[in-house]
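This is what each chain is made of:
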Amino acid sequence: IIFRATPQWFVSMEKTGLRIKALSEIEKVKWTPDKGMKRIYSMIEGRPDWCISRQRIWGVPIVAFQCSECGETILDPKLINKVADMVAVHGIEIWHSTDISELLPKDTKCKCGSQTFKKGKDILDVWFDSGASYAVVCEKNKDLGFPVDLYLEGSDQHRGWFHTSLLESVLTRGKAPYKQVVTHGFIVDKNGYKMSKSMGNVVDPMDLIKKTGSDILRLWVSYENFAEDISYSEESYVRVTEAYRRIRNTYRFILGNMFDFEPSKNVVAYDELREIDKWMMDKINVLTKEIRNAYDNFEFYKIFHLVHNFCVVELSSFYLDVSKDILYVSKKDSHERRCIQTVMYTALDHMLKLFAPILPFTTEEAWQSMPYKKEGSIHLTNMPSPNRDQIDEALALKWNDILKLREDVSKVLEDKRKDKIIGHSLDADIDLTLTEDLYNIVSHININLESIFIVSNVTVNRGSNLKIGVKKSSFNKCARCWQYKKEVGTIKNHEEICERCKNAIS
């Protein structure tokens, strides 16, 4: 390779003050991730003068004319605008097909006295073309405007599109062309290598969509931090598929228990909810706040983990689990059941709207089954906002202690199950000794401990240390709720059911 120095067109970084202005504007832009700012700042800070010309057969011409005698260049704004108007009508080829006599005024004369000129053959660098997209696409469109809200591209564009757009805009408009810049990494194989056909490690997204549907692929993309390179493996895709099923099953369970719930008539006011319901409303509103913040900061991977953990841990494994007894056993219009349905309706409404950009098809499908919805499509609704009046940090801390107690009880129950002392947890009666602080907490939670532990009977005593005693219940089993209660077998004409079930069906 022979390197040859040839005449080129440059923009001076110093004479124009472009370097200083550009560095100042970089600091005003929001860069995601933060390291993007450092990267482009160091590039601008150390770059040489900007060469904007290239020698190619086709491209946007640099409208310049050279004297055939001395080589002096004519670069006239009037001539540039004239050619620009012609290109707007006839396309770029007009520069090449139009005779120079039609472009230059007849009296055009060089300083050397010559009147013979030739058209320049240089074109603008293609990055200069794309760097002007903010002006062509957005600035002239009153519905879009300038500066642009967001530039989104791969991390390689700190040297390309982000770079030239910044320099052009700062040079001609005095400010950056964008308010925010988001950069992403690239998809690589499980070993971290770039996917290529020659290596045989390419995964076609369409094959995955045909196999699992597009929502799971979208969920997989949101699963990782896109600011870094994302490694694809079949194992990671299977994990996300399983997570998708858990989220979808949560939607299905809630919808299955909303068949008789009409929000306009059956919603329970917040002040009338039980304490466990208010705790879940706190979790819903904290989730909403955190997801809204994650969207604002383009942290989509946080959204996936927030929704998944909420569905699996707080909602399905606890709140919905302890609510099944009331949903299935209590009277349909009982206060407790309506409280749970109010919370479930709120949880599903928020989850679907918050997750709609990531799972557009699944959330739409679930939305169409929502009772008494107003909008025809979930994608015509607004994102929910957190109700800060329902965020209760003290309540959340209190229920952390209750959840810890439930975890301790569950461990003992599991040990008894392994020892064949009990089968289902409802076979068990529990004798608890609680510290004074914990005793005071569980005495004011407005829900019986049998529901929280999913057992038949709980006895609570005060003590200096936590003690958990578990034994198989000696009472008879209710045929309806499956709990073991002392009144079963003693109630005339209703020997097989407990007092609560008798009241529910009477």
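Look up a bit, the structure's there.
Parameters and conventions
Here the residue index of a chain counts from 1 through its sequence in written order. Since the coordinates come from a predicted model, pLDDT governs what is reported: local features require at least 70, and pairs of side-chain atoms require 80 or more to be given and counted, while whole-chain, interface and lining totals use all residues. Only heavy atoms go into the side-chain values, all of them from the structure, while hydrogens and water stay out. A strand pair is defined by DSSP finding two or more bridges across the two strands. Helix and strand definitions follow DSSP, with helices as H or I runs of at least four residues and strands as E runs of at least two, each counted in order from the N terminus. A fitted line through C-alpha atoms represents every axis, and for helices the fit uses only the stretch in contact; the resulting angles, taken between N-to-C directions, go from 0 to 180 degrees. The contact criterion used throughout is that any non-hydrogen atoms of two residues lie within 4.5 Å. Accessible area is worked out with a 1.4 Å probe on protein chains only. A residue is then buried under 20% of its type maximum, exposed over 50%, and partly exposed in between. Definition of nonpolar core: a set of buried residues of the types Ala, Val, Leu, Ile, Met, Phe, Trp, Tyr and Cys, connected through side-chain atoms within 4.5 Å. Nitrogen and oxygen atoms within 3.5 Å of one another constitute a polar contact, given that in protein one can donate a hydrogen and the other can accept it, and given that sequence-neighbouring residues count only through two side-chain atoms. Patches here are clusters of residues that have more than 30% relative accessible area and form no salt bridge, with a 9 Å joining cutoff for like charges and a 5 Å cutoff for nonpolar side chains (Val, Leu, Ile, Met, Phe, Trp, Tyr). Throughout, the Shrake-Rupley method with a 1.4 Å probe supplies accessible areas, and for residues the shown protein chains are the sole cover considered. Definition used for salt bridges: Asp or Glu carboxyl oxygen within 4 Å of a side-chain nitrogen of Lys or Arg. Here a cavity denotes grid points, spaced 1 Å and computed from the protein atoms alone, that fit a 1.4 Å probe unable to get out, and a pocket denotes an open set having protein on both sides within 12 Å along at least 5 of 7 lines; residues with an atom within 4 Å of a point are the lining. Grid points are joined across faces, edges and corners, and a volume is the space filled by probe spheres set on the points.

(A) Fine view of the sheet that holds strand 2 (residues 30–32). With parallel pairing, the three strands of this open sheet are ordered in space as 2-10-9. Two strands lie at the open edges of the sheet, namely strand 2 and strand 9 (148–154), each paired on one side alone. Each adjacent strand pair in this sheet contributes to an overall mean axis angle of 15°, direction not counted. Sheet topology note: the strand 2/strand 10 (residues 178–184) ladder contains three bridges and is parallel. Along strand 10, the bridge assignment pairs T32 with V182. Running over the sheet, helix 7 (residues 161–173) touches strand 9 and strand 10 and is turned about 145° from strand 9.

(B) Layout of unusual backbone geometry. In the segment running from T32 into P33, the intervening peptide bond is cis, with an omega of -5°. For P33, the location among the structural elements is in the loop between strand 2 and helix 2 (35–46). In this structure, the amide linkage connecting F146 to the following residue, P147, adopts the cis form with an omega of -5°. For P147, the location among the structural elements is in the loop between helix 6 (133–139) and strand 9. For F298, which is not glycine, the phi torsion reads 60° and is therefore positive. Take F298: its relative accessible area is 16%, and that puts it in the buried class. The backbone phi angle of I454 is positive, close to 55°, even though this residue is not glycine. With respect to the helices and strands, I454 occurs in the loop between helix 18 (449–453) and strand 14 (457–462).

(C) Up close: the nonpolar core. L315, F355, W399, I430, I452 and F453 are the most contacted members of the largest nonpolar core, which has 84 residues in total. Excluding residues within four positions of it along the chain, I452 makes contact with F318, V322, W399, I402, R406, I445 and I447. Counting 28 residues, the second largest nonpolar core, distinct from the first, contains V11, L124, L166 and L167.

(D) Looking closely at the side chain of S114. Secondary-structure assignment places S114 in the loop between helix 4 (93–97) and strand 7 (117–119). At a separation of 3.1 Å, a polar atom in the side chain of S114 contacts the main-chain amide nitrogen of T116. When neighbours within four sequence positions are excluded, S114 is seen to be in contact with C67, E69 and K109.

(E) Up close: the pairing of strand 13 (residues 428–434). Of all seven residues in strand 13, six are buried; the element is thus mostly enclosed. When strand 13 meets strand 15 (residues 467–472), the two strands line up antiparallel, connected through six bridges. If you follow D431 over to strand 15, its bridge partner there is G469. In this sheet, strand 14 lies alongside strand 13 in parallel orientation, the contact comprising six bridges.

(F) Representation of a nonpolar patch on the surface. Residues V136, V137 and L144 make up a contiguous nonpolar surface patch of about 290 Å² in total accessible area. Note that L144 resides in the loop between helix 6 and strand 9.

(G) Seen up close, the side chain of S169. Mapping S169 onto the fold places it in helix 7. We classify S169 as buried; its relative accessible area is 0%. A distance of 2.6 Å separates the side chain of S169 from the backbone oxygen of K175, its partner in a polar contact. Leave out the neighbours within four places in its chain, and S169 touches Y134, F146, G174, K175, A176 and P177.

(H) Spotlight on the pattern of salt bridges. Throughout the structure, instances matching the rule amount to 22 salt bridges. A salt bridge links E14 to R19; its shortest N-O distance comes to 2.6 Å. Measuring nitrogen to oxygen at the nearest pair gives 2.5 Å for the salt bridge that ties E414 to R417. Of the two residues, E414 and R417 both sit in helix 16 (residues 393–418), three residues apart, roughly one turn of that helix. Among the residues examined, R417 registers a relative accessible area of 29% and is labelled partly exposed. One salt-bridge network, in which partners are shared between bridges, spans D260, R337 and R338.

(I) Region of interest: the sheet that holds strand 5 (residues 65–67). Strand order in the open sheet made by the three strands is 6-5-7, with antiparallel pairing throughout. Where the open sheet ends on each side, the last strands, each with one partner, are strand 6 (73–74) and strand 7. Note: strand 5 against strand 7, three bridges, orientation antiparallel. By the bridge assignment, Q66 is partnered in strand 7 with K118.

(J) Local environment of the layout of surface pockets. If you add up the space inside the largest pocket, you get close to 1000 Å³. In this structure, the largest pocket is lined by 31 residues; those nearest its centre are V60, I80, L124, F128 and A132. When residues of the lining of the largest pocket are traced back to their parent elements, those giving at least two are strand 1 (10–11), helix 3 (77–90), helix 5 (126–131), helix 6 and helix 7. Tallying contributions element by element places helix 3 first for the lining of the largest pocket, with five residues.

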